[in-house]
Amino acid sequence: MTSRRTFLAGLMAVAAPKPSWADAGSPRWLACAREADGTYALFGIAEDGADTFRLPLPARGHAGAAHPTRPEAVAFARRPGAFALVLDCGSGALIRQLTPPEGMQFNGHGAFTEDGLTLYTVEQRASDSQGFLGIWDSEYRRLGQIETGGIGPHEVLRLPGDVFAVANGGIATDPTDRTKLNVPEMAPSLVYIQGDEVVERVALEPSLHFNSIRHLAHEDGVLAFAMQWEGEPSQVVPLLGLHRRGEAPILASAPAEEQALMQGYAGSCAFSDGEVGITSPRGNRLHRFDAQGTFLGATARADVCGLAPCPGGFLTTDGGGGVLQVTEGRARPLGLRSRSWDNHVVTL
Amino acid sequence: MRHLNALALLALTASPALADVGQVLDAQVLPGTAAFAEASTALATAAAADCRPAAVTDAWNAAFDAWLAIGHLRMGPQELAALTIAFWPDGRNSGRRTLARMIEGEDAMGTDASDFAQVSAAARGLYALETMLYDPDFASYEAGSYSCTLVQVMAQDLASQAAALDLAWREDFAPALRSAGSPDNAQFLSANEAERAIFTQLHGGVEFNADQRLGQPMGTPDRPRPTRAETWRAGRSQRNIELSMAAIQAMAQSLAGHSVEAVDSAFSAAAYFGAGIEDPAFQDVEDPQARFRLESWQGRIRAAGDALIVHIGEEMGIAPGFNSLDGD
C-alpha cells in the first residue's frame, strides 16, 4: 500500500528538476489584494512592479510566508484566521490548507526556518488570546507549538540563526471578531524565541503600554518594531522602536506635527540599506528613519500600507492599487492596478 | 435617482471624467488660499498698527472666515499647515497653557516671528490668537506690553504661514492634482485618485463639523461641555459650521461638474436647522431644548455627508480606504 508520504516522495522524484521560484516567474515580492470585482487573490510582483502570477484566495488575505527555496507561499487569512493556504506559485495548485488546532486561531503572519523544513504560524488561543507559534513540518503536518509569552501576537520574523522575533501586540480579542477586550490592561512585548523558549523579552515603559507592538523588520542586528496606539488619540507617541539584543529599545519619532499626522498608527515596517520605514494607511504617509532612529522624511501616498525593501529604497503598495518605488523619499510609480493591495508585502 | 443616472450617463458619454478637479481648484481652492493669505496679511498689518483686541478682532474674524473656506482640505501642504494654523480641538488646553507660560516668563521666542515658528502648534495660529484677543485672562494687555508684541508676532507668523500655504498650493500641489495620471506623478496615479483625494476631504469636513464642531460641546447627555465649543469666546461657533458647510457644498458642486439636486437639498436642510440655533456660541447646550436643536442640526449635517457619498462619491466610483479601515 502506498502511503501518502511515499506517494509524495515519488512525485518529487518524477518531477525533476526541483521546482524553484523561477517557475513562478521569479517574483521578488508577494502580496494579497482584493480585486475590483470583490474577490481576493495572492499576487507575485516582479522587481519592475509587474505581476508574475495571480492565485485566487477564498477570502481576504493579510500576509504570507514564502518558502526560502521552493516556489511555495503560505497565504494567511485576515485574523482571526481559520485557515492558511499553502500554494504552489508555479503551477497555481493548492498544496495544503492549514487549519489551526481546535481552540486556536491564526493571526495573519508566519515564517519558515532558514532551511525551509519548518513553518511557524502565529496563533492565539481563542479563549484568552494567549500567544503561540504553531510548528509545522516540511509536509505541513502539525508538530506542536511554542508559547510566545504574551497576548495577541501578530507578526513573527526570522532573524539570522533561526532566532524568531515575535510581536506580542498585547490586545486580547473576542474569539469571533476583532472586538478588543483588555485595552486598559494591555501589555505588549517583543520576544526573541530560540529553539522552543523565549530567550529575551522587551517591554516598553508603563506609560506606553497602550502602544501595541505589531510589525517587525530586521537588518544588521537591529530589530525594528512598528506600533499602533490604543490610548488617548490626541496623544502623539512614537510608532517605531529599534532594538539590539541585550540593549534597551530606542523609540523614534518625526517632529511633533509630522508625527501627529500618522494618526497613532503604523501598519507595516521594513528595512532597506540602513533606512527603516513605517507606513500609516490612516495618515496616508511613509516615514523614513536611519538605523539610529533619526527621522529622514515623509512621503505622502493615500492608503499606503504594504512596505518592502527594494534596490535603492522601498517598495510600497496601497489600497488604491498603486505600486511605487520610493528612493530617498521621492516616489516613482511602478504601476496602478485595479485592485486594493492588502496590508503587507512579503519579500522573497 | 433615475434623473441622476441619466445625468451621469450623459456626462460619461460626453467626457471621460465625471469629476472636475480643475474646477474645484480654479473656482474655490486657489481663490480660497489667496484670500486667506490676504486676510492674514491684513490681520498682521492691523495688529502692527494697534495690537489691542478692539483694533484686531475684525481682522482676526475676517481671517477666520477666509480659513473656513478652505480649512477642511487636510491634504498636500495643508495637512501639516493645518496643525499650526488651526490647532483645534485642544482638549488639554495646551495652547492656553503655553501662552500663559510664555507671557509669565516673557519668553524671547514670543518677540520674533521667525523664532515663534518653533513654538508648539497649539500656541500658534488662529485659535491661539482667539485666546489672546477674547479670553479675559489674556485680553486686557496694553500697547507696548509683552502680550502686545506677542500678538503682533503671532499675527505675523500666521501671515507667513498663510502666504507659504498659498504658494505651495499654487506651485506644487494644484499642479500635482491637475497632472494626475501622468507618468511622473507619484502622488496621484490616475485622475480618479485626485478626485478621490478631494472628495475624501469634503466628506471628512462634513464629519468634522458634526463630530467635532458640534460633538465637542455636546459631550454626552449627562455631561455637556460648553467650553469645548470652537471659538466660543469669540461667539462664532455657529458661524464656523455655516461657512464650512457652504464651502464644502460649493466644492462638491464643482467636483461633480454640475449641481446635484439631492446634495443641494441635504445641505439646504442642514442650513435650515443651523439657522434655528439660538446661542451662536453654543453656551446653552446644558438646556435640553438647546441641546435638542444642536442634535437635530448634527443629524442634518451627517445626512448631508451621506448625500455626498451616495450622490457624488459612489457615482465617481469612490470607495472608503481599504487598509486604513482594516486596523491590523
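Preceding this paragraph is the structure being described.
None of these values were measured; they are calculated from a predicted model.

Student: Please explain the overall build of chain A as it appears in this structure.
Tutor: Across its full length, chain A holds two helices and 28 strands. Taken against the 2.2 N^0.38 rule, which gives 20 Å for 348 residues, the C-alpha radius of gyration of chain A at 19 Å falls within 12% of a compact globule. C-alpha atoms of chain A, sized along the principal axes, occupy 65 × 45 × 40 Å. Burial analysis of chain A (348 residues in total) assigns 53% to the buried set. For chain A, contacts bridging at least 24 residues in sequence account for 44% of all contacts bridging at least 6.

Student: Is there a simple way to think about unusual backbone geometry in this case?
Tutor: In most cases, non-glycine residues show a negative phi, while peptide bonds are predominantly trans. That bond from Arg79 of chain A to Pro80 of chain A is cis: its omega, -5°, falls within 30 degrees of zero. With respect to the helices and strands, the residue Pro80 of chain A is situated in the loop between strand E5 (72–77) and strand E6 (84–88). Put simply, Trp88 of chain B and Pro89 of chain B share a cis peptide bond, and its omega is 0°. Its place among the elements puts Pro89 of chain B in the loop between helix H4 (77–85) and helix H5 (94–105). Despite not being glycine, Asp273 of chain A shows a phi value in the positive range, around 50°. Of note, Asp273 of chain A is situated in the loop between strand E20 (268–272) and strand E21 (275–280). Positive phi values are uncommon outside glycine, yet Asp303 of chain A reaches one of about 55°.

Student: Can you help me understand the interface of chain A and chain B in this one?
Tutor: Contact with chain A, which involves 27 residues of that partner, is made by 18 residues of chain B. Going through the elements one at a time, helix H2 (256–260), strand E26 (322–327), strand E27 (330–336) and strand E28 (339–347) of chain A are the ones with two or more residues in the side of chain A that touches chain B. Class assignment of the residues belonging to the side of chain A that touches chain B gives a composition of 11 nonpolar, nine polar and seven charged.

Student: Explain the packing of helix H2 (residues 21–49) of chain B against helix H8 (residues 146–178) of chain B here, please?
Tutor: Residue and element names in this part refer to chain B. The N-to-C vectors of H2 and H8 enclose an angle of 165°; their axes lie 8 Å apart at closest approach. Between H2 and H8, the angle is such that the two are roughly antiparallel. Along this stretch, H2 crosses H8, giving a crossing that reads as left-handed. Tallied by class, residues from the contact of H2 with H8 come to 21 nonpolar, six polar and three charged.

Cut-offs used in this document
- Residues numbered from 1 in each chain as written.
- Chains lettered and ligands numbered in written order.
- Predicted model: local features only at pLDDT ≥ 70, side-chain atom pairs only at ≥ 80, totals over all residues.
- Helix = DSSP H or I, 4+ residues; strand = E, 2+ residues; numbered from the N terminus.
- Rg over C-alpha atoms; globule rule 2.2 N^0.38 Å.
- Buried ≥ 20, exposed ≤ 12 C-beta atoms within 10 Å, placed from the backbone.
- Contact = placed C-beta atoms within 7 Å.
- Nonpolar A, V, L, I, M, F, W, Y, C, P; charged D, E, K, R; others polar.
- Axes fitted to C-alpha atoms, helices over the stretch in contact; angles between N-to-C directions.
- Parallel < 35°, antiparallel > 145°, perpendicular 65-115°, else oblique.
- Left-handed = near helix turned anticlockwise from the far one by under 90°.

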